[in-house]
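Now for the letters of each chain:
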Amino acid sequence: MTSPDGSAPSPRAETQWRGPSLRTVMIGIFVLGGLMAVQMHRAYVQGERVVQAVFPVMEEKGKSLDAEGCIDAVIAWHKQCDATAVMCNHGVKQAMYHCLKAQDRKEGCTKLPASESMDGKWVFITCKDRGTQCKRTKDCACADAYRAFDSFCRTDQKAVQL
């Protein structure tokens, strides 16, 4: 190939653009990672505030609700929870504890299936019977609420196993 004036091309004329340098790429990756970390932290802090805010509300509601009422209240809160899905799912058991501890639940505890007859599926059957069927067994607010109630009863109303 010759240049327009007929002479041989200079070596610089055939150099190709090689793209950004490795340094530029690495800086971009670190900046992007930093921005993602900041956003994740903000989402965590906001979610923590949302979950923590429901505890005193559930304690107040628990003074007038029976155990089934606590389950209804926690499921309703979960449906409108404005935190990440994981945080809302984990907040169900804690919210149940705060609702249940507001009064004595001995009468409600007697209505749970006997531990000898229990298998892990009773919560899903119970949720289906009450009209809040679980679509996913691992992420089911209703099942988690019933498990929390069962745990509360098994610990003599002192705790909920998380």
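That block above? That's the structure.
Residues numbered from 1 in each chain as written. Predicted model: local features only at pLDDT ≥ 70, side-chain atom pairs only at ≥ 80, totals over all residues. Heavy atoms only, no water.

### Describing unusual backbone geometry
Reasoning step 1: Phi angles above zero are rare outside glycine, and Asp 156 is one such case at about 55 degrees.
Reasoning step 2: The topology assignment puts Asp 156 in the segment after α6 (141–154).
Reasoning step 3: One non-glycine residue with positive phi stands out, namely Gln 157, at about 65 degrees. (Helix = DSSP H or I, 4+ residues; strand = E, 2+ residues; numbered from the N terminus.)

### Focus on the state of the cysteines
Reasoning step 1: Summed over the entire model, instances satisfying the criterion amount to five disulfides.
Reasoning step 2: The residue that forms a disulfide with Cys 70 is Cys 99, at a sulfur-sulfur distance of 2.1 Å. The sign of the S-S torsion, about -80 degrees, decides the handedness of the disulfide formed by Cys 70 and Cys 99: left-handed. Within this pair, whereas Cys 70 is found in helix α2 (residues 67–80), its partner Cys 99 is found in helix α3 (residues 85–100), the two being separated by 29 residues in sequence.
Reasoning step 3: Accessibility expressed as a relative area gives 0% for Cys 70, which makes it buried.
Reasoning step 4: A sulfur-sulfur distance of 1.9 Å marks the disulfide that ties Cys 81 to Cys 88. Around the S-S axis, the bridge from Cys 81 to Cys 88 shows a dihedral of about -80 degrees and counts as left-handed. For the residue pair Cys 81 and Cys 88, the accessibility class agrees, reading buried in each case. (Disulfide = S-S within 2.5 Å. Buried < 20%, exposed > 50% of the residue type's maximum accessible area, 1.4 Å probe, protein only.)

### Quick look at the nonpolar core
Reasoning step 1: Core analysis: the largest hydrophobic core is formed by 38 residues, its most contacted members being Met 58, Trp 77, Ala 83, Met 96, Leu 100, Tyr 146 and Phe 149.
Reasoning step 2: Elements that contribute at least two residues to this core include exactly α1 (22–62), α2, α3, α5 (122–129) and α6.
Reasoning step 3: Top element by residues in this core is α6. It accounts for nine residues.
Reasoning step 4: Excluding its chain neighbours within four sequence positions, the residues that come into contact with Leu 100 are Ala 67, Cys 70, Arg 105, Ala 148, Phe 149 and Phe 152. (Core = buried A, V, L, I, M, F, W, Y, C linked by side-chain atoms within 4.5 Å. Contact = heavy atoms within 4.5 Å.)

### Regarding α6
Reasoning step 1: Helix length check: α6 (14 residues) gives 20 Å between terminal C-alpha atoms against 20 Å at 1.5 Å per residue, within 8%.
Reasoning step 2: Of all the 14 residues making up α6, twelve are buried; the element is thus mostly covered by neighbouring parts of the structure.
Reasoning step 3: For α6, every residue scored as buried is listed here: Ala 141, Cys 142, Ala 143, Asp 144, Ala 145, Tyr 146, Ala 148, Phe 149, Asp 150, Ser 151, Phe 152 and Cys 153.
Reasoning step 4: Where α6 is buried, its residues meet α2, α3, α4 (106–109) and α5.
Reasoning step 5: Backbone geometry just after α6 places Asp 156 at a positive phi near 55 degrees. (Expected span 1.5 Å × (residues − 1).)

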